Amino acid sequence: MTAVRNAIAVAVAAVIGLGSPVLAADAYARSYTVSRGETLGGIAHRFGCSTDALRRANKLSGDMIRIGQRLDIPERCESGAEASGSAVVHTVLPGDTLAGIAARYGDSVDGLKSRNRKVIGNKNMLRIGQKLRVVPTKAVQPPRKIRYKIESGDTLGAIAERYDLTVSDIKRMNPKKDPRRLRVGDSIDLWIEGPVVRSAAIGRPQHGELVNGQQLPSGRSWYRRRPERSWGTNETIALLSDAFDAVQRKHPSAHDIAVGDISAKTGGRLAGHKSHQSGRDVDIGFYFARQPKTGPKAFLDATRHPLDYEATWELLTTLAGPSPDKSRVEYMFIGYAVQKKLYDWAKKQGVSQRKLDWMFQYPRGSRAMRGVIRHEPGHNNHIHVRFKCPKGDNKCL
Ligand SMILES: [Zn+2]
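About the criteria used
- Residues numbered from 1 in each chain as written.
- Predicted model: local features only at pLDDT ≥ 70, side-chain atom pairs only at ≥ 80, totals over all residues.
- Heavy atoms only, no water.
- Helix = DSSP H or I, 4+ residues; strand = E, 2+ residues; numbered from the N terminus.
- Buried < 20%, exposed > 50% of the residue type's maximum accessible area, 1.4 Å probe, protein only.
- Contact = heavy atoms within 4.5 Å.
- Salt bridge = Lys/Arg side-chain N within 4 Å of Asp/Glu carboxyl O.
- Donors = N, O, S within 2.8 Å, 3.2 Å for Na, K, Ca; no water.
- Expected span 1.5 Å × (residues − 1).
- Core = buried A, V, L, I, M, F, W, Y, C linked by side-chain atoms within 4.5 Å.

1. Quick word on the environment of Arg370
Along the chain, the position of Arg370 falls in the loop between α13 (353-359) and β17 (373-374). A relative accessible area of 47% places Arg370 in the partly exposed class. C-alpha of Arg370 to C-alpha of Met359: the two residues are eleven residues apart in sequence and 8.7 Å apart in space. When sequence neighbours within four positions are dropped, the list of residues in contact with Arg370 reads Phe360, Gln361 and Arg364.

The structure is reproduced here in structure tokens:
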């Protein structure tokens, strides 16, 4: 490693190939500048458009687009921006396996095979650069390539950290390059995940807006009660879908969880709520011992229906995070009577008093300003989770 560090030396990264959305001051303008490696279909998918609609809006006769070209993204498209059942294209990366790709998107290996028979053949051979049709059931974006130019002072470790990769990821992504021989001015390819257009929570949950929000896709482990009100920040969507998936992985018998309102597409006032304006609030049902007939479509009263305590506790602790300083959650509102049930159960399971005190307001009174979980009237049939402001959202209050 030392050799690598010495050979590659830090400074500024020249990043090319990133999509460059053109955002007006109000950030609602929908014009998009094509960058290297992008296809019309890929851009259409990103904005939830059909390729046809995008072609029509830009008076294109075919699929030819060029770098730097500006495309108008029709507003009409975006209401259809649901990942539900629609395929995305994944470009095979060095080290990819069918099982790995399936796991990453929440797709199935069999589904991948049958959908991509023509590309991978009967032997299921993957080759770098192949384009596979994947049907995601998770909020995950296909990785995109950036070309990183090594500058004086760079280390592989520092580059990896900056892009949330590991050094071995970088080696895997550049199989033909010897990391010990990289010199200033050389380029390496990095495949990174994450939204091209980052969301922003603006203002307060009770008086705010959501810019470039992301819609919770339809998923395997959750049920969206109102997809048109399922828009949140990138962080909200990632934390939720990860938490629901984690619960179902550890408790395979848990039923799909009911997800109520998050925010409207651009935030702002949402009928029936005081908050839910900036993509940081979400209403979630409870897990029940046996899925009631009306579930998961309805929110059901947890003082009347027997809870699946294991699964509910898993959800609450996953959302709360490993410790107070690492938690991305500001509050979870749950009625005091339901808090008591959960608290008593957790205590019986041997959860430490310290953790109980951090998690619950109970038994300190329904007005105590303590615990992540607080009482609010009307919250016996759902959990209202408020996430902290995403890091970097400096207009978020
Ligand atoms: Zn709520």
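2. Overview of the pattern of salt bridges
The final tally for this structure, using the stated rule, is 14 salt bridges. Among the salt bridges present, the one from Lys145 reaches Asp189, with a minimum N-O distance of 3.8 Å. Of the two residues, Lys145 is situated in strand β7 (residues 144-149) and Asp189 in strand β8 (residues 187-192); the sequence distance between them amounts to 44 residues.

3. Section: the coordination of the zinc ion
The coordination sphere of the zinc ion, as far as protein atoms go, consists of His276 (NE2), Asp283 (OD), Asp283 (OD) and His384 (ND1), spread over 2.1 to 2.8 Å. Taking relative accessible area as the criterion, His276 reaches 0% and is therefore assigned buried.

4. Structural notes on helix α10 (residues 234-250)
The end-to-end C-alpha distance of α10, which contains 17 residues, comes to 24 Å, matching closely the 24 Å that a straight helix rising 1.5 Å per residue would cover. Within α10, burial applies to Asn234, Thr236, Ile237, Leu240, Ser241, Ala243, Phe244, Asp245, Ala246 and Val247.

5. Details of the nonpolar core
Leu315, Leu319 and Met332 are the most contacted members of the largest nonpolar core, which totals 46 residues. Elements with a minimum of two residues in this core: α10, β14 (257-259), β15 (281-284), α11 (309-320), β16 (329-333), α12 (336-348), α13 and β18 (383-387). Counting residues per element, this core draws most heavily on α11, at seven residues. Those residues in contact with Leu315 that lie beyond four places of it in its chain are Ala243, Phe244, Val247, Ile257, Ile284, Tyr287 and Ile383. Membership of the second largest hydrophobic core comes to 17 residues, among which are Ile150, Val167, Ile170 and Leu182.

6. Describing unusual backbone geometry
The step from Tyr362 to Pro363 runs through a cis peptide bond, and the omega angle for that step is 0°. Tracing the backbone through its elements, the reader meets Pro363 in the loop between α13 and β17. Even without being a glycine, Asn124 presents a positive backbone phi close to 55°. With respect to the helices, strands and loops of the structure, Asn124 is situated in the loop between α7 (117-120) and β6 (131-134). Although it is not a glycine, His276 sits at a positive phi angle of roughly 60°. Relative to the helices and strands, His276 resides in the loop between β14 and β15.

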